[in-house]
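# Secondary and tertiary structure notes
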Amino acid sequence: MATTTVISSAVGLVLAGLLLGGPARAHSPVTIQPYRGTDYLRGLETAPTVTAARRLDPATGYLKITALTARTPGEVGRALGRLGPVERLVLDLRGNGGGRLDAAREVAELFIPPGALLYIEREDRQAKEVRSRGPGAHTGLSITVLIDGGTASAAELLAGALTRAGTARLLG
């Protein structure tokens, strides 16, 4: 009986070569299966950033976001679509070390109506208000954002923007 090994990363491919004892042989089939998602800016394979999406009760949804990458806004939008209509949302940013500022902004804009203040950028003595461009497709939700000591950088900005806009409260 032949055994097929599935490899899903470049590191796995190198390790498989070492484990199989060098070059591929006819009697040791290996199937290479790339991860379906990539960070389109660098062409690197990335793991999903929305690692949990479920209902806590009929009116409450839960999303766990572990990082903020170029893919995160799309993942959040799709997860919200799969959840269906909810009145409340728990957005879990615990342990989220941040990531891309533009991803944090785009996630915030899903919940904050156009024109609302998201954050203020300061450079030298200049201050620039950054406002939501929309779409605000999920405004009106009662959002609770979970944070902890591991919530940092762009994740903090996301939590702050949601709080500043009055759409969320922080716990943690």
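Residues numbered from 1 in each chain as written. Predicted model: local features only at pLDDT ≥ 70, side-chain atom pairs only at ≥ 80, totals over all residues. Heavy atoms only, no water.

### Quick word on the packing of helix α2 (residues 72-83) against helix α3 (residues 101-111)
Where α2 contacts α3, the two axes come as close as 8 Å, and the packing angle between them is 25°. Accordingly, the angle class assigned to the pair α2 and α3 is roughly parallel. Of the residues in α3, those in contact with Thr72, Pro73, Val76, Gly77 and Leu80 of α2 are Ala103, Glu106, Val107, Leu110 and Phe111. Partitioning the contact of α2 with α3 into residue classes produces seven nonpolar, two polar and one charged. (Axes fitted to C-alpha atoms, helices over the stretch in contact; angles between N-to-C directions. Helix = DSSP H or I, 4+ residues; strand = E, 2+ residues; numbered from the N terminus. Parallel < 35°, antiparallel > 145°, perpendicular 65-115°, else oblique. Contact = heavy atoms within 4.5 Å. Nonpolar A, V, L, I, M, F, W, Y, C, P; charged D, E, K, R; others polar.)

### Notes on the pairing of strand β9 (residues 126-131)
In the sheet, strand β8 (residues 117-123) pairs with β9 via six bridges, with the strands oriented antiparallel. Bridge pairing in β9 places Arg122 opposite Ala127. Counted along the chain from β8 to the antiparallel partner β9, the turn is two residues long, and its residue Asp124 has a positive phi close to 55°. (Pairing = 2+ DSSP bridges.)

### Observations regarding the environment of Ala127
By the element assignment, Ala127 lies in strand β9. Ala127 sits in the exposed class, given a relative accessible area of 55%. Beyond its immediate chain neighbours, meaning those up to four positions away, Ala127 contacts Ile120, Glu121 and Arg122. (Buried < 20%, exposed > 50% of the residue type's maximum accessible area, 1.4 Å probe, protein only.)

### Some remarks on unusual backbone geometry
Peptide bonds are, in most cases, trans, and in most cases residues other than glycine have a negative phi. Put simply, Gly134 and Pro135 share a cis peptide bond, and its omega is 15°. Position of Pro135 among the secondary structure elements: in the loop between β9 and β10 (142-146). Phi is positive for Ser153, close to 55°, though the residue is something other than glycine. Ser153 sits in the partly exposed class, given a relative accessible area of 46%.

### Side note on the packing of α3 against helix α4 (residues 154-164)
Two elements in contact, α3 and α4, have axes separated by 9 Å at closest approach and are oriented at 25°. The orientation of α3 relative to α4 falls into the category roughly parallel. Here α3 and α4 pass one another in a crossing that is right-handed. Seen from α3, the contacting residues are Leu101, Ala104, Val107, Ala108 and Phe111; seen from α4, they are Ala154, Leu157, Leu158, Ala161 and Leu162. A breakdown of the residues in the contact of α3 with α4 according to their chemical character gives ten nonpolar, no polar and no charged. (Left-handed = near helix turned anticlockwise from the far one by under 90°.)

### Observations regarding the sheet that holds strand β5 (residues 50-57)
Taken in spatial order, the five strands of this open sheet run β5-β6-β7-β10-β11, and their pairing is mixed. The strands lining the two open edges of the sheet, one partner per strand, are β5 and β11 (168-171). With strand direction ignored, the average angle separating the axes of adjacent strands in the sheet is 20°. Bridge count for β5 against strand β6 (residues 60-65) is six bridges, and the pairing is antiparallel. Within β6, the position partnered with Arg54 by the bridge is Tyr62. Against the sheet, α4 contacts β7 (88-92), β10 and β11, and its axis sits at roughly 135° relative to β11.

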